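# Chain and residue survey
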Amino acid sequence: MTGTALKPQEQTCQGVSRVDEPCDHSAQQYCERCGQWFCRAHYPDPEWHTCAPEQGHV
Ligand SMILES: [Zn+2]
Ligand SMILES: [Zn+2]
């Protein structure tokens with residue numbers, strides 16, 4: 001049996017920029033609002049993450 005195993009460690013950034021540019025970086029941050037994973041650079045970036053939290057709040 002192959003192909004159905006879950007790999008929780010291999011999560012990649014699901015952010016998509018306004019120009020439809022994908023991101024291949026490994027994701028570090030999970031957003032409970034949209035249920036998607038983002039890399040550290042894109043999690044707070046509203047251009048990639050539509051419900052990004054306000055910046056300046058670490
Ligand atoms: Zn989100
Ligand atoms: Zn990313």
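Before reading further, recall that the structure is shown in the block above.
Residues numbered from 1 in each chain as written. Chains lettered and ligands numbered in written order. Predicted model: local features only at pLDDT ≥ 70, side-chain atom pairs only at ≥ 80, totals over all residues.

## Some points on the overall build of the protein chain
Helix and strand content of the protein chain: zero helices and two strands. Considering the protein chain as a whole, with its 58 residues, one finds that 16% of them fall into the buried category. Counting contacts in the protein chain only where the partners sit at least 6 residues apart, residues at least 24 apart contribute 23% of the total. (Helix = DSSP H or I, 4+ residues; strand = E, 2+ residues; numbered from the N terminus. Buried ≥ 20, exposed ≤ 12 C-beta atoms within 10 Å, placed from the backbone. Contact = placed C-beta atoms within 7 Å.)

## A look at the nonpolar core
One finds Cys-13, Ala-27, Phe-38, Cys-39, Tyr-43 and Trp-48 forming the largest nonpolar core, which totals six residues. Beyond its immediate stretch of four places on either side in the chain, Ala-27 contacts Gln-11, Thr-12, Cys-13, Trp-37, Phe-38 and Cys-39. (Core = buried A, V, L, I, M, F, W, Y, C linked by C-beta atoms within 7 Å.)

## Observations concerning unusual backbone geometry
Even without being a glycine, Asp-20 presents a positive backbone phi close to 65°. Structurally, the position occupied by Asp-20 is in the segment before strand E1 (29–31). Residue classification places Asp-20 among the exposed positions, given that 6 C-beta atoms sit within 10 Å.

## Re the environment of Cys-23
With respect to the helices and strands, Cys-23 occurs in the segment before E1. On a C-alpha basis, the gap between Cys-23 and Thr-12 in space is 7.9 Å, while along the polypeptide they are 11 residues apart. The residues contacting Cys-23, other than those within four sequence positions of it, are Cys-13, Gly-15, Cys-39 and His-42.

## Concerning the environment of Cys-31
Tracing the chain through its elements places Cys-31 in strand E1. A tally of 18 C-beta atoms within 10 Å means that Cys-31 is categorised as partly exposed. Distance from Cys-31 to Ala-52, taken between C-alpha atoms, is 8.4 Å for residues 21 residues apart in sequence. Once residues lying within four places of it in the same chain are set aside, the contact partners of Cys-31 are Gln-36, Phe-38, His-49 and Cys-51.

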